[in-house]
Amino acid sequence: MTAPGVRWLGFFGSVCAAADAVLFGAPTWIRRGVSVMSILRGPNGVLIMLLWIAGLGALCAAWWYGRRLTVSRRWILVTAALWIVPMLFVPPLASRDMYAYACQGALFDAGLNPSVVGISAQPCPWIESVSVVWRDTPTPYGPLWIVLTGLAASFGSQAVALGIFRLYAVLAVAALALVVPALARRTGVPVERALWLVLCCPLVPVHFVGGGHNDTLTIALLLAGLALIAGRRRVGLLVAGGALVGAAIAVKTTVGVVLPFAALLAAGGLELTRDGLLRFLRRGGAVVGGAVAALVALSVVSGLGFGWAVALSGAGESRSWTSPPTAVGIAVNAVGKLFGVAIDVVPAVRATALVLLLAALVAIWWHFRRGDALHGAGLACLAVIFFAPITQPWYLYWTLALFAATTVRMRWLEVTVIVSMFLILPNGDGAWKPLQVPFAFFVTGFAGWIAWRSVRWLRRPAPVEAPA
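Residues numbered from 1 in each chain as written. Predicted model: local features only at pLDDT ≥ 70, side-chain atom pairs only at ≥ 80, totals over all residues. Heavy atoms only, no water.

**Digging into the overall build of the chain**
And then number 1: The number of helices and strands found in the chain is 19 helices and zero strands.
And then number 2: Its C-alpha atoms give the chain a radius of gyration of 22 Å, within 12% of the compact-globule value 23 Å for 468 residues.
And then number 3: Projected onto the principal axes, the alpha-carbon positions of the chain cover approximately 70 × 55 × 50 Å.
And then number 4: With 468 residues in all, the chain has 56% of them scored as buried.
And then number 5: A fraction of 75% describes how many contacts in the chain between residues 6 or more apart in sequence connect residues 24 or more apart.
And then number 6: Working note: accessible area of the chain is about 19,700 Å², and carbon and sulfur atoms make up 69% of it.
And then number 7: Of the side-chain charges in the chain, 34 are positive and 15 negative, and the distance between the mean point of each set is 9 Å. (Helix = DSSP H or I, 4+ residues; strand = E, 2+ residues; numbered from the N terminus. Rg over C-alpha atoms; globule rule 2.2 N^0.38 Å. Buried < 20%, exposed > 50% of the residue type's maximum accessible area, 1.4 Å probe, protein only. Contact = heavy atoms within 4.5 Å. Areas by Shrake-Rupley, 256 points an atom, 1.4 Å probe, with all protein chains shown as cover. Lys, Arg positive; Asp, Glu negative; His and termini not counted. Charge placed at Lys NZ, Arg CZ, Asp CG, Glu CD.)

Following this line, the structure appears as structure tokens:
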């Protein structure tokens, strides 16, 4: 496929998805019992599904074929901008999270702490727009994001707040256009390849601009910090890079798993010698110190304190087969039901998964102590996604953005991103909810295969990287 064909195929897909945002996006009121069949039986149902499938299919195909093109950086930037433009002025697409952000901001603007109480603690004027599952749970986001939501909500208008969230997403994509080339140059990978994978990924127009998720801001700050850290010898720059990583954690706390790998990147790995340990403590310590200082400063200045550090609760109300631990629990519950036993092992499986996550993170870090730190960081993010109690398609972007700055073969990840695009309906409901139990058994088997492969993989030595 030619370069113009790729560009305009993606633009066509974005226009189709934007049209679906108008026809069947996430309105200020909540639709109940949405499924593929209920959409097809409703007004314009066939058109809605055709637009959705055609739009996602065109965006994914354009991204896939675009990987093979030899094009300039400017061409990629213009293409990414074209794919984003149709999403700028449509209702929220494929998610209701922007409505939750607005109410969390209203809560903060009213002087309450969203890390401690849910939005139902204070009558948000737009609370009916928020999914019921998130009305009584504290926000899982960090202090920087809470302050930004408060700014958006301070105008007293839901429409203005949604517009500001879209603006945040667009500015974050623009920041990625600056920091991705910087990081790619420092890690020695082709700049155009990295830019294409990150900026033109179908997750960007659909979920980050259309859905308004804060992952683009998180990743922009994270990659900016890593770009400062990579290959730098001055301690001041390492501290500054660490502070940017800390700011990323202050938006979405789960990317905190990258910090130990950022320390490895700064030190050029960990050598168990006197000089190697001293270099790691000096340079890695500067990165960690910068991150901790930024987190403490944002927590204190915002007045939110450190409640955000333990606010990743609330997932227990939401259950989906897309999370492997939850899928295992659902499958076990279904087997018990077949034998007439009423059990609920989902909470126990989720708790066990968090313990396994900690072990996996330690194992990955140790495996990459002398290898490619960004490869290890991407796998750490993937472990978080795998063991998390809830998993969303756009979480894959964390790993994608980190792998884009490496030479890792990632066709499997690109395919996973494309498949994940079809898991969500344009209004934000899961496309395969009626098949939750069968898919839970499939994911359970897949999780077992991944566990077996992971153990075998960890037994192999990581490629040794020369110190930066």
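**Overview of the side chain of N214**
And then number 1: On the secondary structure map, N214 appears in the loop between α9 (203–210) and α10 (215–229).
And then number 2: Residue N214 is classed as buried on the basis of its relative accessible area, which comes to 1%.
And then number 3: Apart from the residues within four sequence positions on either side, N214 is in contact with Y101, Y141, W145, V251 and K252.

**Things to note about the nonpolar core**
And then number 1: Residues F165, L176, L223, L226 and Y397 are the most contacted members of the largest nonpolar core, which totals 142 residues.
And then number 2: Looking at this core, the element that brings in the most residues is helix α7 (residues 158–187), giving 13 residues.
And then number 3: The contacts of Y397, once residues within four sequence positions are left out, are L176, V198, C201, L203, V204, F208 and I219. (Core = buried A, V, L, I, M, F, W, Y, C linked by side-chain atoms within 4.5 Å.)

**Description of the packing of helix α6 (residues 143–153) against α7**
And then number 1: Between α6 and α7, the least distance of the axes is 8 Å, while the angle of their chain directions is 135°. As summarised for this structure, α6 and α7 are arranged oblique, according to the angle between their axes. Crossing geometry of α6 relative to α7 is assigned as right-handed. Each of W145, L148, T149, L151, A152 and A153 in α6 lies in contact with α7, whose residues at this interface are A161, I164, F165 and Y168.
And then number 2: Residue composition of the contact of α6 with α7, by class: nine nonpolar, one polar and no charged. (Axes fitted to C-alpha atoms, helices over the stretch in contact; angles between N-to-C directions. Parallel < 35°, antiparallel > 145°, perpendicular 65-115°, else oblique. Left-handed = near helix turned anticlockwise from the far one by under 90°. Nonpolar A, V, L, I, M, F, W, Y, C, P; charged D, E, K, R; others polar.)

**Observations regarding a nonpolar patch on the surface**
And then number 1: On the surface, a cluster of nonpolar side chains totalling about 730 Å² of accessible area is made up of V332, V335, L338, F339, V341, I343, V437 and F441.
And then number 2: Looking at the nonpolar patch, the elements with two or more residues in it are α14 (324–338) and α19 (436–458).
And then number 3: Examining the composition of the nonpolar patch, we find that three residues originate from one element, α14, more than from any other. (Patch = residues over 30% accessible without salt bridge, like charges linked within 9 Å, V, L, I, M, F, W, Y side chains within 5 Å. Salt bridge = Lys/Arg side-chain N within 4 Å of Asp/Glu carboxyl O.)

**Considerations on the packing of α7 against α9**
And then number 1: Look at α7 against α9: their axes get within 9 Å of each other, and the N-to-C directions meet at 140°. With respect to α9, the axis of α7 lies oblique. Together, R166, A169 and V173 of α7 and V204, F208, V209 and G210 of α9 make up the contact between the two elements.
And then number 2: Grouping the constituent residues of the contact of α7 with α9 by class yields five nonpolar, one polar and one charged.

**Comments concerning the environment of V15**
And then number 1: Among the structural elements, V15 can be located in helix α1 (residues 3–24).
And then number 2: Along the backbone, V15 and T273 are 258 residues apart, and their C-alpha atoms lie at a distance of 57 Å.

**A word on the packing of aromatic side chains**
And then number 1: The final tally for this structure, using the stated rule, is 18 aromatic pairs.
And then number 2: Seen in terms of ring centroids, W75 and W196 are 6.1 Å apart; in terms of plane orientation they differ by 25°. Their pairing is stacked. Of this pair, W75 sits in helix α4 (residues 73–84) while W196 sits in helix α8 (residues 191–199), placing them 121 residues apart in sequence. Residues W75 and W196 agree in their burial class; the two are buried.
And then number 3: Judged by centre distance (6.0 Å) and plane angle (35°), the rings of W145 and F165 are tilted. Remark: F165 occurs in helix α7 and W145 occurs in helix α6; sequence separation between them is 20 residues. When sorted by exposure, W145 lands in the same class as F165, which is buried.
And then number 4: Put simply, the rings of Y101, Y141, W145, F165 and Y168 pair up and form one aromatic cluster.
And then number 5: We note R31 situated over the ring of F24; from NZ or CZ to the ring centre the distance is 3.9 Å.
And then number 6: In this arrangement the basic side chain of R369 is found over the ring face of W366, its NZ or CZ atom lying 4.0 Å from the centre. (Phe/Tyr/Trp six-rings, centres within 6.5 Å; stacked < 30°, edge-to-face > 60°. Lys NZ or Arg CZ within 6 Å of the ring centre and 35° of its normal.)

**Some details on the state of the cysteines**
And then number 1: The tally for this structure, following the rule as stated, stands at one disulfide.
And then number 2: The partner cysteine of C103 in its disulfide is C124, sulfur to sulfur 2.1 Å. Across the disulfide from C103 to C124, rotation about the S-S bond amounts to roughly -80°, and the bridge is consequently left-handed. Here the residue C103 occupies a position in helix α5 (residues 97–109), and C124 occupies one in the loop between α5 and α6, the gap between them amounting to 21 residues. For the residue pair C103 and C124, the accessibility class agrees, reading buried in each case.
And then number 3: Of the cysteine sulfurs around C60, a residue in no disulfide, the closest is that of C201, at 8.0 Å.
And then number 4: Note on C60: relative accessible area 4%, which makes it buried.
And then number 5: Counting only cysteine sulfurs, C201 is the nearest neighbor of C200, a cysteine outside any disulfide, at a range of 9.2 Å.
And then number 6: Residue classification places C200 among the buried residues on the basis of a relative accessible area of 1%. (Disulfide = S-S within 2.5 Å.)

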